[in-house]
Every structure is written in structure tokens, then in C-alpha cells.
Amino acid sequence: MDKNIDILGNIVNFLLVALIFLGVLAITFKITLKNYNVKTSKIKFYGLFLGMNNRSILAFSFITLNYIFMIWATATFSGINLIYIFIMVFFMIGADIIMKMYKRIPVDLLFCIINVMCIYVSSKIYDYLTNEYTTVFLLIILGLVIIFIFLYFTYITFKLLNNIVISQENLKKKNYKKL
């Protein structure tokens, strides 16, 4: 019972972190984009959302929330459990279902398995470092593993977001190329 309460508390902490992150992101966009005209080509990122339909924006949001969740789970060293796995699978597969990209589901499930293993490995190294044997060498290894995991999560997230962007009809007409 205590473990379930701890997991629920961790999820509430994640929601707070996600809300703070998204709030800071919104304020940053509001400040930096107020001087730009969206009809010019000065800023293409903001214009990207103008051509998206609601399904694409929802899938984009699912993938972004999944990224924030994976970074949070890795940074807090909370380990992995079935609820976390369910949340990651829900976000990844939910984005595929929303975009009607059913052929991507097996690949995204593979990415989910790899993401779970990354979070598991980082938490096990951290547990060993804090409970068993503390050395500078292990601390350096943990730092390098976390940097690698963050870069991997970022790469996978951008690949998934790119898949959503290239499925847009207005970009297909402009011969937008896949990264």
C-alpha cells in the first residue's frame, strides 16, 4: 500500500514539474515571439503549429508529455514500475492512434522498451552508487549514462515529432523532406 502511495505522489510531482515546464515554455514563447509577424519567414517553428489540425496538435502534445515524463523519471531516479510503463505506452501509442499511423505502433513499442531499460539502468546505477559503493569513477559513469539517455530521449522525441509534422497535408504540398 505504501508503494502505491509513493507512486501516486511521484505522479503528482511529475504533474507539477510538467505544468511548471509548460508554463515557462509558454512564457518564453510569449516573450520571444511577440515581436514577430507570423506571415513572414522569420520564425518557422511558431508557424508550424498554424497549419496543424487538432489531431496533430494532440499527438504532438502526447509526445512532448512523454518526453517530459521520461526526463523526469530519469532525473529523479525513481526507478520503473508498471504504472510508469503504462504512462509511456499510453503517450506513445496514443499519438500513433490519434494520427492513424498504425504501422508505427510496433516500432514505438520497441522505443518504449528501450526507454524503460534506460530509466531502469540509470536508477540501478544510482541505487548502487548511493547504497553499496560510492566512488568518483561510478559517479562519472552515472553522469555519462544520464547524458547519453537525455540525448537518446531527445533524438527519439524529435524523430517522432518529425513523423507528425511530415504527415501534414500542407507540408506534403510543399515537398517537405523527412529529417
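The notes below deal with the structure included here. (Residues numbered from 1 in each chain as written. Predicted model: local features only at pLDDT ≥ 70, side-chain atom pairs only at ≥ 80, totals over all residues. Heavy atoms only, no water.)

**Description of the overall build of the protein chain**
Okay, step 1: A count of helices and strands for the protein chain gives seven helices and zero strands.
Okay, step 2: From first element to last, N terminus to C terminus, the protein chain shows the α and β order α-α-α-α-α-α-α.
Okay, step 3: The buried share of the protein chain, reckoned over its 179 residues, is 34%.
Okay, step 4: Of the contacts formed within the protein chain by residues at least 6 apart in sequence, a portion of 67% connects residues at least 24 apart.
Okay, step 5: Accessible surface, the protein chain as shown: approximately 11600 Å² in total, 70% of it carbon and sulfur. (Helix = DSSP H or I, 4+ residues; strand = E, 2+ residues; numbered from the N terminus. Buried < 20%, exposed > 50% of the residue type's maximum accessible area, 1.4 Å probe, protein only. Contact = heavy atoms within 4.5 Å. Areas by Shrake-Rupley, 256 points an atom, 1.4 Å probe, with all protein chains shown as cover.)

**What about unusual backbone geometry?**
Okay, step 1: Unlike most non-glycine residues, Phe77 shows phi in positive territory, near 55°.
Okay, step 2: Position of Phe77 among the secondary structure elements: in the loop between α3 (54–76) and α4 (82–98).
Okay, step 3: Although it is not a glycine, Lys100 sits at a positive phi angle of roughly 60°.
Okay, step 4: Mapped onto the elements, Lys100 comes out in the loop between α4 and α5 (105–131).
Okay, step 5: Overall, the relative accessible area of 55% leaves Lys100 in the exposed class.

**As for the nonpolar core**
Okay, step 1: Ranked by size, the top nonpolar core spans 36 residues in total, and within it Phe69, Phe153 and Ile164 carry the most contacts.
Okay, step 2: For this core, the secondary structure elements donating two or more residues are α1 (2–33), α3, α4, α5 and α6 (136–166).
Okay, step 3: Beyond its immediate sequence surroundings of up to four residues, Phe69 is in contact with Phe14, Tyr84, Ile87 and Met88.
Okay, step 4: Phe77, Leu129, Leu138 and Ile146 belong to the second-largest nonpolar core, a separate cluster that totals five residues. (Core = buried A, V, L, I, M, F, W, Y, C linked by side-chain atoms within 4.5 Å.)

**What to know about the packing of aromatic side chains**
Geometry of an aromatic ring pair is reported as the spacing of the ring centres plus the angle between the planes.
Okay, step 1: In this structure the tally under the stated criterion is nine aromatic pairs.
Okay, step 2: For the pair Phe62 and Phe90, a centre-to-centre distance of 5.5 Å together with 40° between the ring planes defines the contact as tilted. Taken together, the residues span a long stretch of sequence, with Phe62 in helix α3 and Phe90 in helix α4 at a distance of 28 residues.
Okay, step 3: A residue is classified by how much of its surface remains accessible, and Phe62, at 15% relative accessible area, is buried.
Okay, step 4: Phe90 sits in the partly exposed class, given a relative accessible area of 43%.
Okay, step 5: Taking 5.7 Å as the distance between ring centres and 65° as the angle between the ring planes, the aromatic pair formed by Phe62 and Phe91 counts as edge-to-face. Here the residue Phe62 occupies a position in helix α3, and Phe91 occupies one in helix α4, the gap between them amounting to 29 residues.
Okay, step 6: A residue is classified by how much of its surface remains accessible, and Phe91, at 11% relative accessible area, is buried. (Phe/Tyr/Trp six-rings, centres within 6.5 Å; stacked < 30°, edge-to-face > 60°.)

**Here's the deal with a nonpolar patch on the surface**
Okay, step 1: Residues Val136, Ile140, Leu144, Ile147 and Leu151 make up a contiguous nonpolar surface patch of about 520 Å² in total accessible area.
Okay, step 2: Mapped onto the fold, Leu144 is located in helix α6. (Patch = residues over 30% accessible without salt bridge, like charges linked within 9 Å, V, L, I, M, F, W, Y side chains within 5 Å. Salt bridge = Lys/Arg side-chain N within 4 Å of Asp/Glu carboxyl O.)

Without other data, these values stay purely geometric and don't point to any function.
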